Amino acid sequence: MIRVLMAASEVAPYAKSGGLADVLGALPAALGRCGPVEPAVLLPCYRGISLEGAERVYHALPVWVGGFHYDCALWRTGGDSPVYLLDCPPLFDRPGLYGENGADYPDNHARFAVFSRAVLEVARRVFRPDVIHCHDWQTGLVPAYLRGRWGMDPTFLGIKTVLTIHNLGYQGVFPASVLPQTGLDSVQYHPDGAEYWGQVSYLKAGIVYSDAITTVSHSYAEEIQTPEYGLGLDGVLRNRRDALTGILNGVDYGTWDPRHDPSIAAPYSAGDLAGKAACKRDLLRSFGLGAEAEKRPLLGVVTRLTPQKGSELILEIAGQLAAEGATLVVLGSGDPDLERDFQKAARASAGALAVRIGYDDGLAHRIEAGSDMFLMPSRYEPCGLSQIYSLRYGTVPVVRVTGGLGDTIDEETGFRFSEYSAAALLACVREALQAYRDRESWTARMKRGMAKDFSWDRSAAGYVRLYESLVRSR
Ligand code: ADP
Ligand code: GLC
């Protein structure tokens, strides 16, 4: 058995802002199913996570960082693969995961240094792993600790580390003045270590010091080694190219399948699509759109509102959709300026564009089910899960060919464009709207998408092979 301790800042259904949570919610169980792996997950215990039914497994787990001492409680919940919740109210009992009202919490460096240090204490006292699998910058310090201050601690000898990059756009870069509060060994603060142009970079620390690095699609693994997509870390990633691989995300069809989705108005399948029309009616109604929109093609968007997602391109074409005879519904939250711009656009194009600002899991499912097409014109996209969900819901994706979008959507199942511009997006949407008129071939396209299988087992097998090779190399 290979014991794998995953550490991440989001795990569905406990805490979620995007696809990272979906991955951590499904991958551990898939690992347990498909290989000799015993997984466990560690997550901060944020406000709102219910501890009902959870077992307190450690009353005062001592975590020392930068001369400060935090007493954390540790709770265990979850089914076959345990989820450990790190309970440290001064750091995590707050309204947001990372910040509020569009601003990061000023002590995020300390919050996630403590979380990363706690990973070692859990490994020492509660769940002794063969591999620690870290996700994104929030856990990037763990590999650095194991190569630095704790490198000679016999407790940790032989433990291998994997860092999965879900999004290079978030690097956890903080001023050098916080260095004493990070728990990093000062000898690791140099350009070939955790230093990034005079600042501390948690993601760079993870990239430099982990034994293996993965990212969430094959194309993104290549792209991040180029200046265009490397966001300043392409050189660091090229230096570690031998340790870097792409493993495409899977999706959890237990949660995302119109045959048994409790959030949608009516179940349906490729064999019986009748329920999809009911889902469209229900969706239009919940956005206050009239029955006249039922006959028109309905485009859906569910997204974090950030420059990554091509939100500005959607805004640019929104005004023209009425003339094309289409309706667009958008669910999103994030950047306050983009939130305002979308609300403004909805007022300007009432009847053709309806916008809901906020985070609403049920509505996300209803948009996947009730729309005819799903727009994802991302500037970059490490993997993207929403477009894969769309396939299963018979909602034809319109995507920009970048990262995982290009790896998951082909001409047979969706519509693709390359140039990052509103004109290219509009041309692609027009092509899709034209194709929509031919109902027979459109339905055939929907069914090809619905038949695609991106279940986790294949992706999990990729991680199992990686863990096995790391453990063999000890
Ligand atoms: P990313 O992780 O970059 O946000 P993904 O496509 O991988 O993109 O995953 C997005 C996940 O987050 C999907 O499960 C999607 O339904 C969900 N999501 C994004 N924005 C919202 C929102 N405003 N409300 C509800 N769910 C959302
Ligand atoms: C990130 C990426 C997204 C990916 C998700 C899960 O948030 O933006 O493309 O699907 O992580 O790996």
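Our subject is the structure that appears above.
Visitor: Just checking my understanding: could you explain the side chain of S459 for this structure?
Guide: Examined against the element boundaries, S459 turns out to sit in helix α17 (residues 456-472). Note on S459: relative accessible area 9%, which makes it buried.

Visitor: What exactly am I supposed to notice about the site of ligand 2 here?
Guide: Contacts to ligand 2 come from 14 residues, most closely from H166, N249, E381, C383 and G384. At 2.7 Å, a side-chain N or O of H166 approaches an oxygen atom of ligand 2. P382 places a main-chain nitrogen or oxygen 3.5 Å from an oxygen atom of ligand 2. The element that contributes the greatest number of residues to the shell around ligand 2 is helix α1 (residues 19-34), accounting for three residues. Residues of the shell around ligand 2, tallied by class, amount to six nonpolar, six polar and two charged. Here the shell around ligand 2 spans two domains, and each of domain 1 (2-250 + 457-472) and domain 2 (274-452) adds at least three residues to it.

Visitor: What am I meant to see in the site of ligand 1 here?
Guide: Around ligand 1, the surrounding shell holds 24 residues, and the nearest of these are K16, G19, D22, R304 and K309. One of the side-chain N or O atoms of D22 is found 2.7 Å from an oxygen atom in ligand 1. Taking R304, its side chain carries an N or O atom lying 2.7 Å from an oxygen atom of ligand 1. With the chains in place, 94% of the 560 Å² that ligand 1 exposes on its own is no longer accessible. Looking at side-chain class alone, the shell around ligand 1 contains eight nonpolar, nine polar and seven charged residues. Three or more residues apiece are contributed to the shell around ligand 1 by two domains, here domain 1 (2-250 + 457-472) and domain 2 (274-452).

Visitor: Just to check I follow, could you spell out the packing of aromatic side chains for this structure?
Guide: Per the counting criterion, the structure on display carries 15 aromatic pairs. Consider the rings of F112 and F115, whose centres lie 6.5 Å apart with planes at 85°: the pair is edge-to-face. Note that F112 and F115 are positioned in helix α3 (residues 108-125) at a spacing of three residues, about one turn of the helix. Where Y436 meets W442, the ring centres are 5.2 Å apart and the plane angle is 80°; that geometry is what we call edge-to-face. Taken individually, Y436 and W442 each receive the classification buried, so the pair is uniform in this respect. The lysine or arginine in question, R94, covers the ring of Y105, its NZ or CZ lying 4.9 Å from the ring centre. Between R439 and the ring centre of Y436, over which it is positioned, the NZ or CZ distance is 4.2 Å.

Definitions and cut-offs
- Residues numbered from 1 in each chain as written.
- Chains lettered and ligands numbered in written order.
- Predicted model: local features only at pLDDT ≥ 70, side-chain atom pairs only at ≥ 80, totals over all residues.
- Heavy atoms only, no water.
- Helix = DSSP H or I, 4+ residues; strand = E, 2+ residues; numbered from the N terminus.
- Buried < 20%, exposed > 50% of the residue type's maximum accessible area, 1.4 Å probe, protein only.
- Near = heavy atom within 4 Å.
- Polar contact = N/O pair within 3.5 Å; in protein donor to acceptor, adjacent residues only side chain to side chain.
- Nonpolar A, V, L, I, M, F, W, Y, C, P; charged D, E, K, R; others polar.
- Domains from an automatic or database assignment.
- Areas by Shrake-Rupley, 256 points an atom, 1.4 Å probe, with all protein chains shown as cover.
- Phe/Tyr/Trp six-rings, centres within 6.5 Å; stacked < 30°, edge-to-face > 60°.
- Lys NZ or Arg CZ within 6 Å of the ring centre and 35° of its normal.

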